[in-house]
Amino acid sequence: MPDYPESSTIYFYAQTDPYAEFSNFAPYGVAMDDIWWPTVEHYFQAQKFHDVDYREQIRRCSKPKDAKALGMTRKLALREDWEQVKDQIMLDAVRVKFQTHPAPRDLLLSTGTAEIVENAPMDAYWGCGLDGSGLNKLGYILMAVRNKLRIE
Ligand SMILES: Nc1nc(O)c(N)c(N[C@@H]2O[C@H](COP(=O)(O)O)[C@@H](O)[C@H]2O)n1
């Protein structure tokens, strides 16, 4: 594994690009409260809703992009506390993913102290957005999980 100088930045996004393992769309399942979710994306999108049947419909999607599409619907009400809980939900699921699967964990640890950025053009909250000025919340979560894995 290469070493990364402290100043380098690692970008990830599509499943065909380097570091695709860092994406929530990557095929690494997570067990959350004894339920298995095919990807972090499936779990995250389902948590937007209280409706148990709809959550299960999302869990059963064959592709993460389909899970995301179901999560984007506003035909069903979002849980009222979503804005307050979504960061913690994401952190918990991403942490479980990297605790569960050695391949993405080893890749994450190999990045040293490099900055990690989700290069998502349409997402200025979890990613850096079109002009790079987005909040990159998922990148910060990955860096926090990396720190935690190091001390575990
Ligand atoms: N691969 C991919 N495609 C997109 O279109 C995306 N927006 C993302 N980013 C991920 O989307 C999730 C956030 O969804 P919400 O907008 O909050 O419903 C989150 O997993 C981002 O990492 N990725």
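Conventions and cut-offs
Residues numbered from 1 in each chain as written. Predicted model: local features only at pLDDT ≥ 70, side-chain atom pairs only at ≥ 80, totals over all residues. Heavy atoms only, no water. Helix = DSSP H or I, 4+ residues; strand = E, 2+ residues; numbered from the N terminus. Buried < 20%, exposed > 50% of the residue type's maximum accessible area, 1.4 Å probe, protein only. Core = buried A, V, L, I, M, F, W, Y, C linked by side-chain atoms within 4.5 Å. Salt bridge = Lys/Arg side-chain N within 4 Å of Asp/Glu carboxyl O. Near = heavy atom within 4 Å. Polar contact = N/O pair within 3.5 Å; in protein donor to acceptor, adjacent residues only side chain to side chain. Areas by Shrake-Rupley, 256 points an atom, 1.4 Å probe, with all protein chains shown as cover. 1 Å grid on protein atoms, 1.4 Å probe; cavity = no way out; pocket = protein on both sides within 12 Å on 5 of 7 lines; lining within 4 Å. Sits in = over half its atoms within 2 Å of the grid points. Nonpolar A, V, L, I, M, F, W, Y, C, P; charged D, E, K, R; others polar.

By the naming in an unreviewed UniProt entry, the protein is NADAR family protein, taken from Parasulfitobacter algicola.

Visitor: Could you clarify how one ought to interpret unusual backbone geometry in this entry?
Guide: Glycine aside, negative phi is the norm for most residues, and most peptide bonds take the trans geometry. Positive phi outside glycine occurs at Tyr-19, with the angle close to 65°. Along the polypeptide, Tyr-19 turns up in the loop between strand S1 (9-12) and strand S2 (30-32). Looking at Tyr-19, the relative accessible area reads 18%, which means it is buried. A positive phi is found at Asp-33, a non-glycine position, where the angle reads about 50°. According to the relative accessible area criterion, Asp-33 is exposed, its value standing at 71%.

Visitor: Mind showing me how you'd approach the nonpolar core here?
Guide: Proteins that are soluble and globular tend to have nonpolar side chains buried together. Residues Phe-22, Met-90, Val-94, Phe-98 and Leu-142 are the most contacted members of the largest nonpolar core, which totals 34 residues. Those elements that place two or more of their residues in this core are S1, S2, helix H1 (40-46), helix H2 (52-59), helix H4 (82-100), helix H5 (102-109) and helix H6 (137-151). Top element by residues in this core is H4. It accounts for 7 residues.

Visitor: Sorry if this is basic, but what is going on with the pattern of salt bridges here?
Guide: Side-chain pairs of opposite charge can arise whenever the charged atoms involved come near each other. Following the criterion strictly, the structure yields 8 salt bridges and no others. With a closest N to O distance of 2.9 Å, Arg-59 and Glu-56 form a salt bridge. Remark: Glu-56 and Arg-59 occur in helix H2; sequence separation between them is 3 residues, near one turn of the helix. On the accessibility criterion, Glu-56 (26% relative accessible area) is partly exposed. When salt bridges with common partners are traced through the structure, they connect Glu-56, Arg-59 and Arg-60 into a single cluster.

Visitor: Teacher, can you tell me more about the site of the ligand here?
Guide: In the vicinity of the ligand there are 14 residues, among which Asn-24, Glu-41, Lys-48, Lys-68 and Glu-118 approach most closely. For the ligand, an oxygen atom lies 3.2 Å from a polar atom in the side chain of Gln-45. Taking Lys-48, its side chain carries an N or O atom lying 2.5 Å from an oxygen atom of the ligand. Considered on its own, the ligand offers 510 Å² of accessible surface; in the complex 82% of this is hidden by protein. Cavity membership is defined here by more than half of the atoms lying within 2 Å of grid points; on that basis the ligand lies in the largest pocket. Its residues assigned to classes, the shell around the ligand shows 7 nonpolar, 2 polar and 5 charged.

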